[in-house]
Every structure is written in C-alpha cells, then in structure tokens.
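Commentary on secondary and tertiary structure
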Amino acid sequence: MNSSSNRQRNLGGGVQYIMDYLKRMQAENPAFFYAIQGDNEESTGNIFWASATSRMNYNYFGDTVRVDTAYKTDHYKVPFVTFTGLNHHAQPVLFGCALLLNMSDDSLIWLLQTWLQAMSGRHPVSMITDPDQLIQMAVARVLPETRHRFCKWGIFRETQEKLVHVCQTSPTFYIELKKCVNEVETAEEFESQWAALLERFYVVDNEWLEAMYNAREQWVPVYMRDVFFGELFRVEHSETRNSFFDGFVDASTTIQSFFKQYEQAISGWHEKELKADFDTTNTAPVLKTPSPMEKQAANLYTRRIFMKFQEELVETLANPATKIDCSGTVTTYRVAKFGEEHKAHTVQFNAFEMKANCSCRMFEFSGIICRHVLSVFRAKNVLTLPTEYVLKRWTRNAKSGGGDGMSEHASQLPCNYRESVNVRYNNLRQEAVKFVEEGAKSIHVYNVAMHALQEAAKQVAAAKSKSPGATQGTNFANGSNQENHGGKENQAASYLSMVRYFRLPFSFYTTRNYHVNFLESRDCIFCYFLLVLVFCGVTIKENVDMNALKWS
C-alpha cells in the first residue's frame, strides 16, 4: 500500500481567492463551516469546508463515507480531497471538501478531526479511503469505531501499474483478478481462487500481490459483509473511482476556476436527485409478481432501490428454501439456486420475532434484504416486509424528520443553521409533499386541500406584511449578496427559478384540458403550494443554496 508524500504544496496567489469565497459563503449562511489548520491564512495552511447542505445531508446519509484523495497527486493543480456518501437514490452526495497542501500524518489527523467537528461529532459506521498507510493510521486514531476499508478502484489501478508486464502478456489476468475479488461469496472461496489465480499466471512470488493478500481483510468485500457500506451491486465501484466531481474537476482545473466547477458539480448532482425524486413519485414501476411485498416495497423505496429489491424478489422463484434443522423458535434453511447447490446459503429464521439472518450478509452490507431470506419468507407465508428490514435511508421519506439515529445530533448544530432560510424552506417542502399525498387521494379530499391552501396563502401574505424584515431576502445569483425588495420582477424571477429547479411537467402549462389534468395531476397541489410561497414573496435561492431544496 502507498504511503502519502509529506511534501508541501503551495497555492500561491490563489489563497486570497479561496478565503474570499469561504468568508462570503459563511456570511451568507452561518451554517457554512470552514477551518484552516493553525488558524492562519497563509498559503501553507490546509483548508476544510462544508456547506449547510452537506451537513444536513450527513444527518440523513452519514452512515457510510468515502474519502477521495486522488486529486492530491502532482497530476492535479488543485490538491483536492472530498468526503462523500450515498443518498436514497444511491447517488453521490457531498459531506465536505478540503485543500490539503501538506499530506503529513498530523495534517490527515487534523482533517478528519475537523470534518468530524463539522458533522457534529457523529462517527460514520464505515469509511472507504484510498490505499494509504498514513490515511489508515489517521482513521484508526480519529475514528477507532468506524470500519475502515480501502477502495477497490485504487487497488486495481495500482495493480495494473505494478503488474503491467503480466497484464500485457496475459490479458485475462486482470479480468480474473476482479472476478476473484468481486464474485466470491465466502472467505474460503476467495482464498482458494486467489491461490489458483497466482499459480495459473505464475505470479506466486510477486511482492505486490503478496502485500494485497496480506491486507485482504481491509479491501476485499467478502471480509466486510457484516458492516454497512451501501453497495448495491458487486462490481459497481470497482471499475471507476465514481467521484462526485468527475467531469468537473480535472488536471487542468486551476484554483481560480475551481469553485465555479465545484458549484457546477453540486448543481448537476442536485438536478439528478430532483429527477430521481420526480420519477419515484410520479411514475409507477412495473410489478413482476402478485406478491403484496413487492407492492409494499414499490411504495416505500426510491425507484433504484426498489429495482434492486425486485431483482432479489424475482430470484426467489429459482432459489427454493429447504428446512434442515429446527430448534425451538429458530428454524434453519438451506437456500440454493437450481443447478448451483454448491453455492448454498444458510438462513436462520425466528418465527416468534419474525427475524431472519443469512450467511451471505447482504442486508448487513447493502441494506437490502437478500433473495435467500425472501425465499424463507415465501416458504413461511410472510407476505409483507418486517419494518426492521426497511432502512429509512433507502426510502422515499429518507429526508423526513431526522436521519436514522441522527435526531439527537441535529440539536447540536448552530441555532442559525436550524433557523436558516434553507432549513425553513426544506421543512415546508417536506410538509407540502405529505399534503400532496393525502390531498390527491380523492376529489373530495382534493377540494378540501385546495381550499386549505388558499386560506394558507392569505395567512402567509398577512403574516409577511406584518413581519419587520418581510420585504428583504438574500439572493445568491452570481455569488454576490444582493437585496431583494419583493417586487414583481423578483417574484417573476423566483417563479422561473421554481419552474427550472422543480421541472414541472410541460403539459401542466400547455394542455387544452387544463382543468381535467389539473385535477388528475399528483403534482398540482405541490405546484400550487410553491406558487403560494413565491407570490407571497418567499424567494427561492439560486446556485449552491438551491442544493438544499430537495423533494422527499
């Protein structure tokens, strides 16, 4: 494994540009966090920052974290480090960034401690980093209870570099190596296939492969399937780095253009999340079985997560469960696919507690229940998913209320954070979505809901006119702090911003059968709710702060 360079990097004249940006962001939103190692603003100081949105997202999705230090190499002009996770659509979500000019052990410890401080001191369940000895030591010191794992992408990339002669003379070696790592289901199977691989390609004495094998418990997934990492597919993260900033920050990015690319990346992923939210809420998936459990899952999970669950459910048809032991309330089953009995898994089912655990550990590793447990549920006539097998972080309502185990940490955030425009807007949005779900169920309830919204519009307008600061707001367009006096021009701009970011259906505006479609649309109440906010003078904020406006 690598050992980070202790050599100093320097940003030169770009430091003042960075500090101006960070100070402006914090002035615009007090929940924006940044820190400099040594509390100075010299070009030698490491810098960390996390937006209010990043801190809020960690509240919901901070169970597993990826630290990407690949941008720190000499190949890049900006020594960039990112903290990311996975949202409820299994899309990358940002938890913070750093410019790490000094890759010493002290700097890495400071970075992790500072990031942890910004995240209210909550340790993640798991963390993935590049294969690096200094990072490994820093994680062990700062996050001793977090399960640390090396990134497979970094391991595979370095293997190609160190064994280029083997890959050239034996093109199938790299393919077989990845299969050995990604497709085995037990530690014994991995070790057997690894030994056979080395012998087949005559690399038994290779030092790099020996080091990889000695560190196998820190990067081969089969050794870590008892811990949540949120990986839905076995080869999903092995082919590419899958960075939040891929396509936005590259070797040519300078410090002067960096923050523009940074904000574009945030905006781009925000739009992808909005689209995934919209697709989940407004399009029904095709059900493949008559199972009530499938219908239940379709209503609970986001679309991508449901597709993974559906795949596991359909596979139960080819994976029958056979009872092999019964002891009190616990029954043990053997589950194997037809023709692959040698790959059987063992499931223990407690009928009294309605709980099951499988030797494949898929639920513990990914948060999605496996085909083997589902086969046992099918055999025992369990028709709906027990609540303990539905992780909130994968559901449509992942952002409602506090995150799993995180509500107690939300109170630790600064008061200004909880009272900021972003948070107020996010809370209103969550309540609006609940209102939509109930209001669209029947024409009678719809009429009641619309009447209530019309009354609410009057009350909001009246409250706004009485509020001492009602006629002013903050607009982040072009990165400047501008006054908003609530005039018609700003209202129109806010309306256009709403249309742009919430992607309201074009037919909503253009159909000739306007009233019919309006009554039938699941979105109409939500749209009206937003219009009420906009024309009562609530400003929708642009640029990075728009990232805080998300659908449930």
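Presented here is a report on the structure given in the accompanying data block.

Cut-offs and rules
- Residues numbered from 1 in each chain as written.
- Predicted model: local features only at pLDDT ≥ 70, side-chain atom pairs only at ≥ 80, totals over all residues.
- Heavy atoms only, no water.
- Helix = DSSP H or I, 4+ residues; strand = E, 2+ residues; numbered from the N terminus.
- Contact = heavy atoms within 4.5 Å.
- Areas by Shrake-Rupley, 256 points an atom, 1.4 Å probe, with all protein chains shown as cover.
- Core = buried A, V, L, I, M, F, W, Y, C linked by side-chain atoms within 4.5 Å.
- Buried < 20%, exposed > 50% of the residue type's maximum accessible area, 1.4 Å probe, protein only.
- Expected span 1.5 Å × (residues − 1).
- Arc of directions from axis to C-beta.
- Salt bridge = Lys/Arg side-chain N within 4 Å of Asp/Glu carboxyl O.
- Pairing = 2+ DSSP bridges.
- Axes fitted to C-alpha atoms, helices over the stretch in contact; angles between N-to-C directions.

Description of the overall build of the protein chain
- The secondary structure content of the protein chain amounts to 22 helices and 13 strands.
- In the protein chain, the share of contacts with a sequence separation of at least 24, taken over all contacts with a separation of at least 6, comes to 66%.
- Summed over its atoms, the accessible surface of the protein chain is roughly 25400 Å², and 52% of this surface lies on carbon and sulfur atoms.

Side note on the nonpolar core
- Ranked by size, the top nonpolar core spans 34 residues in total, and within it F48, V65, F83, F95, L111, W115 and M127 carry the most contacts.
- Sorting the residues of this core by element identifies β1 (33-36), β2 (47-50), α2 (52-61), β3 (64-71), β4 (80-86), β5 (92-99), α3 (105-118) and α4 (133-142) as the ones contributing at least two each.
- Tallying contributions element by element places α3 first for this core, with 8 residues.
- With 32 residues, the next largest nonpolar core counts A90, Y333, V335 and V382 among its residues.

As for helix α8 (residues 187-200)
- The end-to-end C-alpha distance of α8, which contains 14 residues, comes to 20 Å, matching closely the 20 Å that a straight helix rising 1.5 Å per residue would cover.
- Inspection of α8 places F190, W194, L197 and L198 among the buried residues, and these make up the whole buried set. Projection of α8 onto a plane perpendicular to its axis shows the buried side chains occupying an angular sector of 95°, all on one side. Residues of α8 that are exposed and point over 90 degrees away from its buried face: E188 and E199.
- On the buried face of α8, the contacting elements are α7 (172-182) and α9 (207-214).

What about unusual backbone geometry?
- Of note in this structure, A90 is not a glycine but carries a positive phi near 60°.
- Examined against the element boundaries, A90 turns out to sit in the loop between β4 and β5.
- Of note in the backbone geometry, N381 takes a positive phi value of approximately 60° without being a glycine.
- Take N381: it is sitting in the loop between α14 (371-379) and α15 (407-410).

Points about the pattern of salt bridges
- Summed over the entire model, instances satisfying the criterion amount to 18 salt bridges.
- The partner of K308 in a salt bridge is E311, with the nearest N and O atoms 3.6 Å apart. Pair noted here: K308 and E311 are both in helix α12 (residues 303-315), with a separation of 3 residues, about one helical turn.
- Taking relative accessible area as the criterion, E311 reaches 36% and is therefore assigned partly exposed.
- A salt bridge links K458 to E455; its shortest N-O distance comes to 3.6 Å. Of this pair, K458 and E455 both sit in helix α18 (residues 443-466), 3 residues apart, which is roughly one turn of that helix.
- E455 sits in the partly exposed class, given a relative accessible area of 31%.
- Overlapping salt bridges, with partners in common, bring together K308, E311, E312, E315, K337 and R371 in one network.

Section: α3
- The terminal C-alpha atoms of α3, which comprises 14 residues, lie 20 Å apart, in line with the 20 Å expected from a rise of 1.5 Å per residue.
- Extensive coverage of α3 is indicated by the burial of 10 of its 14 residues.
- Of all the residues in α3, the buried ones are S107, L108, I109, W110, L111, L112, T114, W115, L116 and A118.
- Among the residues trailing α3, S120 stands out with phi positive, at a value near 65°.

Digging into the environment of T384
- Residue position: T384 is located in the loop between α14 and α15.
- Accessibility expressed as a relative area gives 43% for T384, which makes it partly exposed.
- Along the backbone, T384 and P292 are 92 residues apart, and their C-alpha atoms lie at a distance of 6.3 Å.
- With sequence-adjacent residues up to four places away left out, T384 is seen in contact with M293 and Q296.

Things to note about the sheet that holds strand β11 (residues 355-358)
- One open sheet holds the 4 strands; their spatial order is β8-β9-β10-β11, and the pairing between them is antiparallel. Two strands in the sheet have a free side with no partner beyond their single neighbour: β8 (321-327) and β11. Strand-to-strand, the axes of this sheet are offset by a mean angle of 25°, without reference to chain direction.
- Where strand β9 (residues 330-335) lies against strand β10 (residues 345-350), 6 bridges are found, and the strand directions are antiparallel. Bridged to T332 within β10 is Q348.
- Together, β8, β9, β10 and β11 form the strand contacts of α14, whose direction differs from that of β10 by roughly 45°.

Observations concerning the pairing of β4
- Burial runs high along β4: 7 of the 7 residues are buried.
- By the alternation rule, side chains of β4 split into F80, T82, T84 and L86 and V81, F83 and G85, which are all buried.
- By the bridge criterion, 7 bridges tie β4 to β5 in an arrangement that is antiparallel. Within β5, the position partnered with T84 by the bridge is L94.

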